[in-house]
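# Structure assessment
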Amino acid sequence: MPRLFLFLAILFVAAAGAAKAEDPVIPNFWDPRSRIERPNMDAVGAIRFLVTDDFAPFSFRDRHGDLVGFDIDLIRAMCEALEVQCAVQSRPYETLETALRDKEGDAIMAGLSPDPEGEDPLLATRPYLKIPARFVTLKETEFEPDSDSDGFVGVVCHSAHQAFLEDYFPKARVACYQNPAAALQSLQEKRLTAVFGDALSLAFWLHGAGSKDCCRFAGGPYLNDAYFGDGLQIAVRPQEHELKSALDYALRETYRNGTYAELYLRYFPVGLF
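Below, the structure is looked at part by part. Quick caveat, the model's predicted, so the values are computed rather than measured.

## What about the overall build of the protein chain?
Counting its secondary structure elements, the protein chain contains eight helices and 13 strands. Here the C-alpha atoms of the protein chain give a radius of gyration of 20 Å, agreeing with the 19 Å that 2.2 N^0.38 yields for 273 residues. Here the C-alpha coordinates of the protein chain stretch approximately 65 × 45 × 40 Å along the principal axes. Counting all 273 residues of the protein chain, 49% fall into the buried class. Of all intrachain contacts in the protein chain linking residues separated by at least 6 positions in sequence, the fraction that spans at least 24 positions is 74%.

Encoded structure:
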């Protein structure tokens, strides 16, 4: 996944309406001052989306074998906003770009971030979701990421999160683990003060039985494209500028009409932000 921007950003986002402090925060990646004109869908036509079926909670098979997920419902909402017919087909991830270039589909929605430096690069919409980095700590622990602490922060060895932690939190005493599960187990055993990783997996761990309701988010969220990638985008063929604009318009409309917030709260029970 390409790293394009070298800035550190803590994302400030607003929930729809006047949110209380304890309300979930709905991320907003669309500038309210920007103007995106409604596209002429006669020039675009029906849209065939290419997805994977093993990318939970974004697109996966339920126990009945049906294709479900955040991306699948977001596709439906976008197509309603555009008033256009859409189809969704699942394929192995490694075949998606070839299928798109061979015109077996029109848009990839599967976490693929095009490399702008590559030959004949794909176009990409604005990100519709970015996965921030977060700390988790025990509920009874007072933890401030920037403060001096005798405790250790666990992180996966040689990961982007380890590099970010060492670059931006030089006071942290870092303990390196082979996988997130080992670090989180050490946190539960009180051998760590906190664990640092991607908010998506940490949120589902916090919400799951494995955490035993031990822990909470602390600090952040932290976004940095240079370390954590460009976020989730929709990729289209290099010349399909009208389709890209149409998808950007549809994504923004799902946010404006409240559908994005509804889907976000449905699929992310512990907010990432």
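## What to know about unusual backbone geometry
Omega for the bond connecting Ala-56 with Pro-57 falls within 30 degrees of zero, at 5°, which places this linkage in the cis form. The topology assignment puts Pro-57 in the loop between β2 (54–55) and β3 (59–61). Here the bond from Gly-220 into Pro-221 is cis, since omega is 10°, no more than 30 degrees from zero. Tracing the chain through its elements places Pro-221 in strand β12 (residues 215–222). The phi angle at Glu-83 is positive, at roughly 55°, despite the residue not being glycine. Looking at where Glu-83 falls in the secondary structure, it is placed in the loop between α1 (70–82) and β5 (86–90). The phi torsion at Asp-213 lies on the positive side, around 55°, for a residue other than glycine.

## Structural notes on the sheet that holds β3
Read across the open sheet, the three strands follow the order β2-β3-β4; overall the sheet is antiparallel. In this open sheet, the two edge strands, each paired with only one partner strand, are β2 and β4 (67–68).

## Notes on the sheet that holds strand β8 (residues 133–138)
Here we have five strands laid out as an open sheet, ordered β10-β9-β11-β8-β12, and mixed in their pairing. Looking along the sheet, the strands with just one partner apiece sit at the ends: β10 (173–177) and β12. Mean inter-strand twist for the sheet, computed between neighbouring axes without regard to direction, equals 30°. Sheet topology note: the strand β9 (residues 152–156)/β10 ladder contains five bridges and is parallel. Counterpart to Gly-154 in the pairing with β10 is Ala-175. Lying on the sheet, helix α4 (residues 180–188) is in contact with β8, β9, β10, β11 (194–198) and β12; it crosses β8 at an angle near 35°.

## Some remarks on the pattern of salt bridges
One pass over the structure, following the stated rule, counts 18 salt bridges. Here Glu-189 makes a salt bridge to Arg-191, at a shortest N to O gap of 2.5 Å. Since its relative accessible area comes to 53%, Arg-191 is described here as exposed. Linking Arg-256 and Glu-253 is a salt bridge whose minimum nitrogen-to-oxygen distance equals 3.3 Å. Note that Arg-256 and Glu-253 are positioned in helix α7 (residues 241–256) at a spacing of three residues, about one turn of the helix. For Arg-256, a relative accessible area of 57% gives the class exposed.

## Observations concerning the side chain of Arg-237
Mapping Arg-237 onto the fold places it in the loop between β13 (235–236) and α7. The exposure class assigned to Arg-237 is buried, which follows from its relative accessible area of 9%. A polar atom in the side chain of Arg-237 sits 2.6 Å from the backbone oxygen of Gly-105. Ignoring anything within four residues of it in the chain, the contact list for Arg-237 reads Leu-100, Arg-101, Lys-103, Gly-105, Asp-106, Leu-122 and Leu-123.

## Looking at the nonpolar core
Counting residues in hydrophobic clusters, the biggest one holds 60 residues, and the most contacted among them are Phe-49, Phe-70, Tyr-128, Leu-129 and Tyr-260. Residues in contact with Phe-49, not counting those within four places in the same chain, are Ile-75, Met-78, Cys-79, Cys-86, Ala-87, Val-88, Gln-89, Ala-107, Met-109, Ile-234 and Leu-247. Within the second largest apolar cluster, 15 residues are counted, among which are Ala-133, Leu-165, Ala-218 and Phe-228.

## Some words on the environment of Ala-182
By the element assignment, Ala-182 lies in helix α4. Taking C-alpha positions, Ala-182 is 13 Å from Ala-194, a pair spaced twelve residues apart along the chain.

Criteria and thresholds
- In this numbering scheme, every chain counts its residues from 1 along its sequence in written order.
- Confidence filtering applies because this is a predicted model: local features only for residues at pLDDT of at least 70, side-chain atom pairs given and counted only at 80 or more, and all residues used for totals across whole chains, interfaces and linings.
- For the side-chain quantities, the full set of heavy atoms in the structure was used; hydrogens and water were omitted.
- The secondary structure listing takes helices from DSSP runs of H or I that are at least 4 residues long and strands from runs of E that are at least 2 residues long, numbered from the N terminus.
- C-alpha atoms define the radius of gyration in this analysis, and the globule rule sets the expected value at 2.2 Å times the number of residues to the power 0.38.
- Only protein chains enter the calculation, and the probe is 1.4 Å; a residue is then buried if its accessible area is under 20% of its type maximum, exposed if over 50%, and partly exposed in between.
- Residue contacts are defined here by distance: any two heavy atoms, one from each residue, within 4.5 Å place the two residues in contact.
- Criterion used throughout: strands pair if DSSP finds at least two bridges between them.
- Axis definition: a line fitted to C-alpha atoms, over the contacting stretch in the case of helices. Angles run 0 to 180 degrees between N-to-C directions.
- By definition, a salt bridge exists where a carboxyl oxygen of Asp or Glu is found within 4 Å of a side-chain nitrogen of Lys or Arg.
- Any pair of nitrogen or oxygen atoms within 3.5 Å is treated as a polar contact; in protein, a donor-acceptor pairing is required on top of that, and neighbouring residues in sequence qualify only through side-chain atoms on both sides.
- We call a set of buried Ala, Val, Leu, Ile, Met, Phe, Trp, Tyr and Cys residues a nonpolar core when their side-chain atoms join them within 4.5 Å.

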